[in-house]
Amino acid sequence: GPKVMNIPIRPRRNRKTEVIRSLCRETLLSPADFIYPVFLHDAPTNDAIDSMPGCHRWSLEGLLTELDEIERLQIGAVVLFPAIDDALKTPRAEESYNPDGLVPRAIRAIKESHPDIMVITDVALDPYNSDGHDGIVSENGRIRNDKTIDVLCNQALSHAIAGADIVAPSDMMDGRVGMIRNALDTEGFKDVSILAYTAKYASAFYGPFRGALDSAPKSGDKKTYQMDYANIREAIREAHLDEDEGADILMVKPAGAYLDVIHRMRESTHLPIAAYQVSGEYLMIKSAAAAGWLDEEKIVLETLTSIKRAGADMILTYFAKAAARLLH
């Protein structure tokens, strides 16, 4: 007969059945890990987004119906991204802090109909700025950091007044977390959290999102404020600054190509870490699955689990509903 091999240690014993695999599983994904990004516009229709199959620009009414399903699936949080009418866009983005603007109205409507859903809002000027940048652009084409922060503070306050639970500055201006924290505290909004886009990279993975919101920059790029994707130490520096300035949660964006950044950030802070599986990541999976090349359900759970395994506590993903259904 075959020679008996002396292998006392056999890792495969812990993989031999689904039960033992479940008992040994290190990373568990749950619908409670997800934040669902939603697009809304000031129109009565719910429009499918060409560049992001399965996603819509919701009317306020459509959004509230969508939240019924979110609650059923036990997803606890949404982040709002507005598509703003071109007529309301200005070089100084005044609409971004209009108390009767689309986002404050949406917050109030959600809090009235779905009080338990946590509402996170995007704080940045790109949806409101006629230049399409996250900050105010000066005559010579430079992004004005400190002038932008004044507007961001007004924007964050208008969201807090409307009832937002968390504001999420995605602009990458220097010092904005501390200034927003101070503005919120001064006005009595000490319980409103800041989810800082800490390491937001200048990434080609954002393409479909900018199509969804018509928010691409009119000229230039975002490389003077979003991070160079070659860098990781810089992300840790940003993390320490955001933590010192009063951020409650730190974010890495995109997620899939930045798992090492998530991991390093996890090791360098005690704050919770969010990761954003962005539109390009979503679309790569969607298009490969539509072509029959990948099993969408398996890839979705694998990518989301890998983001959590790298160290993210929470994940912003357009697959939140689909993944929650699979997990249930």
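Above this text you will find the structure in question.
Residues numbered from 1 in each chain as written. Predicted model: local features only at pLDDT ≥ 70, side-chain atom pairs only at ≥ 80, totals over all residues. Heavy atoms only, no water.

1. Topic: the overall build of the chain
Step number 1: Scanning the chain for helices and strands turns up 11 helices and 12 strands.
Step number 2: Expected size for 328 residues packed as a compact globule is a radius of gyration near 20 Å; at 21 Å, the chain falls within 12% of this value.
Step number 3: Overall size of the chain, expressed as C-alpha extent along the three principal axes, is 85 × 40 × 40 Å.
Step number 4: Among the 328 residues that make up the chain, the fraction classed as buried is 51%.
Step number 5: Residue pairs in contact within the chain that sit at least 24 positions apart in sequence constitute 74% of those at least 6 positions apart.
Step number 6: Total accessible area on the chain is roughly 15700 Å²; 51% of this is exposed by carbon and sulfur atoms. (Helix = DSSP H or I, 4+ residues; strand = E, 2+ residues; numbered from the N terminus. Rg over C-alpha atoms; globule rule 2.2 N^0.38 Å. Buried < 20%, exposed > 50% of the residue type's maximum accessible area, 1.4 Å probe, protein only. Contact = heavy atoms within 4.5 Å. Areas by Shrake-Rupley, 256 points an atom, 1.4 Å probe, with all protein chains shown as cover.)

2. Brief notes about the packing of helix H10 (residues 296–310) against helix H11 (residues 320–327)
Step number 1: It is the contact of H10 with H11, at a shortest axis distance of 10 Å, that shows an interaxial angle of 100°. It follows that H10 is roughly perpendicular to H11 by the angle criterion. The residues of H11 that touch H10, namely those facing Glu-297, Val-300, Leu-301 and Leu-304, are Ala-323, Leu-326 and Leu-327.
Step number 2: Taken together, the residues of the contact of H10 with H11 sort by class into 6 nonpolar, no polar and 1 charged. (Axes fitted to C-alpha atoms, helices over the stretch in contact; angles between N-to-C directions. Parallel < 35°, antiparallel > 145°, perpendicular 65-115°, else oblique. Nonpolar A, V, L, I, M, F, W, Y, C, P; charged D, E, K, R; others polar.)

3. Notes on the environment of Ala-322
Step number 1: With respect to the helices, strands and loops of the structure, Ala-322 is situated in helix H11.
Step number 2: Take Ala-322: its relative accessible area is 28%, and that puts it in the partly exposed class.
Step number 3: For the pair formed by Ala-322 and Glu-297, sequence separation is 25 residues and the distance between their alpha carbons is 8.1 Å.

4. Details of the packing of aromatic side chains
Note on aromatic pairs: each is described by the distance of the centres and the angle between the planes.
Step number 1: Applying the stated criterion to the full structure yields 7 aromatic pairs.
Step number 2: Note on Phe-81 and Tyr-276: the rings are 6.4 Å apart at their centroids and 35° apart in plane angle, and the pair reads as tilted. Placement of Phe-81 in strand S4 (residues 77–83) and of Tyr-276 in strand S11 (residues 273–277) is noted, with a sequence separation of 195 residues between them. Tyr-276 matches Phe-81 in its accessibility class, with the two residues each being buried. (Phe/Tyr/Trp six-rings, centres within 6.5 Å; stacked < 30°, edge-to-face > 60°.)

5. Some thoughts on the packing of helix H2 (residues 60–72) against helix H3 (residues 102–113)
Step number 1: It is the contact of H2 with H3, at a shortest axis distance of 10 Å, that shows an interaxial angle of 40°. With respect to H3, the element H2 is oriented oblique. Crossing hand, H2 versus H3: right-handed. Of the residues in H3, those in contact with Leu-60, Leu-63, Leu-64 and Leu-67 of H2 are Arg-105, Ala-106, Ala-109, Ile-110 and Ser-113.
Step number 2: The residue makeup of the contact of H2 with H3, split by class, is 7 nonpolar, 1 polar and 1 charged. (Left-handed = near helix turned anticlockwise from the far one by under 90°.)

6. Re the pairing of S4
Step number 1: Of all 7 residues making up S4, 7 are buried, and the element is well covered by its neighbours.
Step number 2: Relative to S4, strand S1 (residues 34–41) runs parallel, the two sharing 7 bridges. In the sheet register, Val-38 faces S4, and the bridge partner there is Leu-80.
Step number 3: One ladder, built from 4 bridges, connects S4 with strand S5 (residues 118–123); its direction is parallel. (Pairing = 2+ DSSP bridges.)

Everything listed is a geometric property; what it means functionally is a separate question.
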